Amino acid sequence: MNSYKQYERCMVMAGGGFRFGIYLGMYAALRDAGRAPDVLLASCGGAMAAAIIHNLPDDASRRAWLTSPEMHRFWCSLKSTPQARLLPNLLRAAHRKLSRARAAVVPDLFNDYLFEIPAELPFPPQTGTPEVDVAILGGQLLFGPQDVGRKRGHRKLYAETLFGNARSRALVEGMHSPVSDPHWGSQAVEQKIRTSGDVPITDAARISVADMFYFRCQAYGGQEYIGGVVDLFPVEVAQRLARQLVMERKEEFDQTFAIPAWRSVLGIDGNRRLRFANSQQVELRIDASDVSHVLARQQLQQKLDWRRNRIELAMPPDYATFVRYMDDQWDYGYSRATQACRQARHELVLDSPLRTVDGDTSQVNN
């Protein structure tokens, strides 16, 4: 029998990609507003932010690490693979877009990826006792290289996996993976969520960033894993973990590249799943739906080099520019979370009951 109580407040750090610095700013704003979460549920890029928060004792040191030379060297070390040829990848993307099949064949997550990521991510050593618990999502592969290209049929390809402490694991024990429901697609995900308490936070984060077609699936402990994209909007898991949720309102994914990739690898309608997550009742909703527009010039992104027939990453030209980009991410996250907290306080005042004081009616302001 599970003897663990739910956490009070869970902050979901879902996705984020190369803009994971926005979550560090959001978390700092929540702390300053007296709404600090006691557990973080992270996937993909958000797992990097969660690991940094876990390992460093305060927001100043986290922001310093985000803009550190170590982080800059990490970004500069990301290189495209021999498979990152422009025309073949565009043709494969076009084929995925035109095909309506949902995870019809076993995908090649071992060789079909664009960028090499270092074995170790740029995480600081842990300092002191962490102020917040962290749970990270990934997906264990239920197939090997010998299965690539075969028709899937009714076979399950992934097992959603939560990496966390005993409390978070106990709270999701026996839970069905939300994305295994046929409502979302072709059920390529095993029904039951698996849990693991043997993987360090930084290794779990490394697993979680293993995004399909960007990076190779990640090996750990004799198993292979796809990243947190297997359940990128884990609102149901967060509801199991905590009484109150803090989540973003995220922008929809593009219909040319992202959504067909989701469909072909996971069999899931990504935007349908996103709209569901955006519609759920939460304690605090942070509107980040304009992030790609506001940070359009301050992001690390793909660059199509037609002359060399290559897909590359457009890196900042120098360290000073990199620092500015990372500071912009932090400031964006801090600003959006602060706005959400102010809006929540305003709505609380408007919804407060009326009470009578000396025969007059006055609003209770908390």
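How each quantity is defined
Residues numbered from 1 in each chain as written. Predicted model: local features only at pLDDT ≥ 70, side-chain atom pairs only at ≥ 80, totals over all residues. Heavy atoms only, no water. Patch = residues over 30% accessible without salt bridge, like charges linked within 9 Å, V, L, I, M, F, W, Y side chains within 5 Å. Areas by Shrake-Rupley, 256 points an atom, 1.4 Å probe, with all protein chains shown as cover. Salt bridge = Lys/Arg side-chain N within 4 Å of Asp/Glu carboxyl O. Lys, Arg positive; Asp, Glu negative; His and termini not counted. Charge placed at Lys NZ, Arg CZ, Asp CG, Glu CD. Helix = DSSP H or I, 4+ residues; strand = E, 2+ residues; numbered from the N terminus. Buried < 20%, exposed > 50% of the residue type's maximum accessible area, 1.4 Å probe, protein only. Polar contact = N/O pair within 3.5 Å; in protein donor to acceptor, adjacent residues only side chain to side chain. Contact = heavy atoms within 4.5 Å. Arc of directions from axis to C-beta. Core = buried A, V, L, I, M, F, W, Y, C linked by side-chain atoms within 4.5 Å. pLDDT = per-residue confidence, 0-100.

A.B. asks: Looking at this structure, I do not really get a positive patch on the surface. What am I missing?
C.D. replies: Together, Lys97, Arg100, Arg102 and Arg272 line one region of the surface with positive charge. Tracing the sequence through the fold places Arg272 in helix α10 (residues 270–279). Residue Arg272 is classed as partly exposed on the basis of its relative accessible area of 36%.

A.B. asks: Just to check I follow, could you spell out the side chain of Asn278 for this structure?
C.D. replies: Relative to the helices and strands, Asn278 resides in helix α10. Of the residues examined, Asn278 reaches a relative accessible area of 13% and is grouped as buried. Within polar-contact distance, the side chain of Asn278 engages the backbone oxygen of Lys250 at 3.2 Å. If sequence neighbours within four positions are ignored, Asn278 has contacts with Glu248, Arg249, Lys250 and Arg285.

A.B. asks: Mind showing me how you'd approach a nonpolar patch on the surface here?
C.D. replies: Taken together, Leu87, Leu304 and Trp306 make up a surface patch of nonpolar side chains, about 340 Å² in accessible area. Assignment of secondary structure puts Trp306 in the loop between β12 (301–305) and β13 (310–314).

A.B. asks: I tried to follow α10 on my own but got confused; where do I start?
C.D. replies: Quick reminder: α-helices carry 3.6 residues per turn. Residues three or four places apart thus point the same way. Those residues of α10 that sit buried are Gly270, Asn271, Arg273, Leu274, Ala277 and Asn278. Angularly, the buried residues of α10 cover 155° about the axis, an arc narrow enough to put them on a single face. On its buried face, α10 is in contact with α8 (235–241), β10 (242–249), α9 (258–265) and β11 (284–287).

A.B. asks: Sorry, what's going on with the nonpolar core here?
C.D. replies: In summary, soluble globular proteins display a tendency toward joint burial of nonpolar side chains. Counting 65 residues, the largest nonpolar core has Met11, Met13, Leu40 and Trp75 as its most contacted members. Per element, the largest residue contribution to this core is 10 residues, and it comes from helix α12 (residues 319–350). For Leu40, the contacting residues outside a window of four places in its chain are Met11, Met13, Tyr27, Ala50, Ile53, Val132, Asp133, Val134 and Ala135. Core analysis: the second largest hydrophobic core is formed by 49 residues, Leu41, Val106, Leu266 and Ile268 among them.

A.B. asks: Explain the side chain of Thr161 to me, please; I cannot follow it from the model alone.
C.D. replies: Turning to its location among the elements, Thr161 is positioned in strand β6 (residues 158–163). When its relative accessible area of 3% is taken as the criterion, Thr161 is described as buried. A polar atom in the side chain of Thr161 sits 2.8 Å from the backbone oxygen of Ala159. Residues within four places of Thr161 in sequence aside, it is in contact with Ile136, Leu137, Gly138, Gly139, Gln140, Arg194 and Tyr225.

A.B. asks: Sorry, what's going on with the confidence of the model for the chain here?
C.D. replies: Detailed reading of the predicted coordinates is not advisable wherever pLDDT falls low. Within the chain, residue pLDDT values average 89, and 93% of them lie at 70 or more. Confidence drops under pLDDT 50 across residues 354–366; counting only partners more than four residues distant or on other chains, this segment forms 15 contacts.

A.B. asks: Just checking my understanding: could you explain the pattern of salt bridges for this structure?
C.D. replies: Side-chain pairs of opposite charge can arise whenever the charged atoms involved come near each other. Tallying each qualifying case throughout the model produces 21 salt bridges. Of the charged contacts in the structure, one is a salt bridge between Arg31 and Glu131, with a shortest N-O distance of 3.0 Å. A residue pair is termed long-range when its members are at least 10 positions apart, and Arg31 in helix α1 (residues 21–32) and Glu131 in the loop between β4 (115–116) and β5 (133–141) qualify at 100 residues. Between Arg150 and Asp147 there is a salt bridge, with the nearest N and O atoms lying 3.2 Å from each other. When its relative accessible area of 6% is taken as the criterion, Asp147 is described as buried.

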